[in-house]
Amino acid sequence: MTHSSPALLSDIDAALGRPPLLHTTSEVDPASWAAAHRDALRAAVAEHGSLVVRGLGLVEPAVTEAVFGALADALMPDREPFAPRRSYGGGVYSSSKWPPNQQMCMHHELSYSLRFPGLLLFACQVAPEEGGATAVADGPTVLDALPVGLVERFEREGWLLTRTYNDEIGASVAEAFGTDDRTAVERYCRAQGIEFAWQDDGSLRTRQHRSAVVRHPVSGRRCWFNQIAFLSEWTMDPEVREYLVDVYGPDGLPFNTRFGGGDPLDEDIVRTINEVYEAHTLREPWHSGDLLLVDNIRTAHSREPFEGPREVLAALGNPVRLIDCSPTVEVRTA
């Protein structure tokens, strides 16, 4: 830790209602500043769950990539995304392509995978005219606020994610798995504990069973860690849901979630989860050049509707294995 780290930590503004915020007026290049304060920044994320750094001026992809590389131990490729991303190389991606007028609800990145980022890194190249915040919510706090019976059922059963991949909506097979070679896709699915079935029209349907609650591998705290509400049919815009069900059928939605035992989730359950998230949401409007660091296991994030151009780059840092987070349900792999 550098000599300036204690002072840096004391400068963090932890006002209610928003993520902790650090203002900096770096006189050196952003990557050098990030490298010099790496330990302090990561200590702040460990303490608070997230941190916004304002003043670095991260408006160029190359500079952003250098900063991300200085702060993370390693960056991992994006696999099984639910929506396409543009790759900038070096483990840096655009944010997921999602309709600007629709809420991207709270979720933990790749919580349906057996290997997921422990640290998320975001950089705002262009701030939107209105809205578009990447808001955050504390997983242990959300867990404690959810109905006890609901949490107990999800701890006992886990949750089930069903997906249909085609070339018309959401991520395609090639975008999700990095290849359209069926043998390679099937090998990946078996290794990741994903059930799969190719359809007559060439589309792919999958099912994966995961824990809804895990323990943080460092702090040991129990965390609500999943995408149960975000990837549910009940979180979709009603008109979009009706159209997709009409075109693809109720079992052909690009994604949906269930209880781990297979029972469907009713709309009230999903609404309850999203209402608890909203009650504990922290938000800070993006400024162009901002950096946001998020402990992905402890802290959920969302993307709010926006107007005007918005460009936020993202990276998936410090990979963690589900098996190291005390999962409550077993995942069988081939």
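Here, the structure is the one placed above.
Below: a short report on this structure. All values derive from a computational prediction rather than experimental measurement.

Conventions and cut-offs
- Residues numbered from 1 in each chain as written.
- Predicted model: local features only at pLDDT ≥ 70, side-chain atom pairs only at ≥ 80, totals over all residues.
- Heavy atoms only, no water.
- Pairing = 2+ DSSP bridges.
- Helix = DSSP H or I, 4+ residues; strand = E, 2+ residues; numbered from the N terminus.
- Buried < 20%, exposed > 50% of the residue type's maximum accessible area, 1.4 Å probe, protein only.
- Arc of directions from axis to C-beta.
- Contact = heavy atoms within 4.5 Å.
- Axes fitted to C-alpha atoms, helices over the stretch in contact; angles between N-to-C directions.
- Salt bridge = Lys/Arg side-chain N within 4 Å of Asp/Glu carboxyl O.
- Patch = residues over 30% accessible without salt bridge, like charges linked within 9 Å, V, L, I, M, F, W, Y side chains within 5 Å.
- Areas by Shrake-Rupley, 256 points an atom, 1.4 Å probe, with all protein chains shown as cover.
- Lys, Arg positive; Asp, Glu negative; His and termini not counted.
- Charge placed at Lys NZ, Arg CZ, Asp CG, Glu CD.

The strands that make up a sheet pair up through hydrogen bonds in the backbone, lying either parallel or antiparallel. Spatially, 4 strands are ordered β6-β18-β9-β16 in an open sheet, and the strand pairing comes out antiparallel. Of all the strands in the sheet, the pair left with one neighbour each is β6 (104–107) and β16 (281–282). With 2 bridges joining them, strand β9 (residues 136–138) and β16 adopt antiparallel strand pairing. Counted as the bridge partner of V136 is L282 from β16.

Once that is clear, we can look at helix α6 (residues 148–157). Note on helix geometry: an α-helix contains 3.6 residues per turn, so any two residues three or four positions apart are oriented the same way. Listed as buried for α6 are L150, V151, F154 and E157. Mapping the buried residues of α6 onto a view down its axis gives an arc of 145°, with all of them on the same face. Residues of α6 that are exposed and point over 90 degrees away from its buried face: V148 and R156. Where α6 is buried, its residues meet α5 (139–145), β10 (159–165), β12 (204–210), β14 (222–224), β15 (255–259) and α10 (267–279). Looking one or two places after α6, you find G158, whose phi comes out positive at around 75°.

Before going further, it helps to spend a moment on the sheet that holds β15. Across the sheet, 4 strands lie side by side as β11-β12-β10-β15; this open sheet has antiparallel pairing. Every interior strand has two partners, whereas the edge strands, β11 (194–198) and β15, have only one. Sheet twist, expressed as the mean angle between neighbouring strand axes with direction ignored, is 15°. Alignment of β10 against β12, held across 7 bridges, turns out to be antiparallel.

What follows covers the pattern of salt bridges. A full pass over the atoms with the stated rule returns 20 salt bridges. The salt bridge involving R207 is made with E195; its shortest N-O contact spans 3.6 Å. In this pair, R207 sits in strand β12 while E195 sits in strand β11, placing the two residues 12 residues apart along the sequence. Residue E267 pairs with R271 through a salt bridge whose shortest N-O separation is 3.7 Å. Highlighted residues: E267 and R271, both in helix α10, separated by 4 residues, approximately one helical turn.

On the surface, D167, E168, E175, D180, D181, D200 and D201 cluster together to form a negatively charged patch. Looking at the secondary structure, you find D200 in the loop between β11 and β12. With relative accessibility at 86%, the residue D200 sits in the exposed group.

Moving on to unusual backbone geometry. Non-glycine residue E80 carries a positive phi angle of around 60°. Its place among the elements puts E80 in the loop between β3 (75–76) and β4 (87–89).

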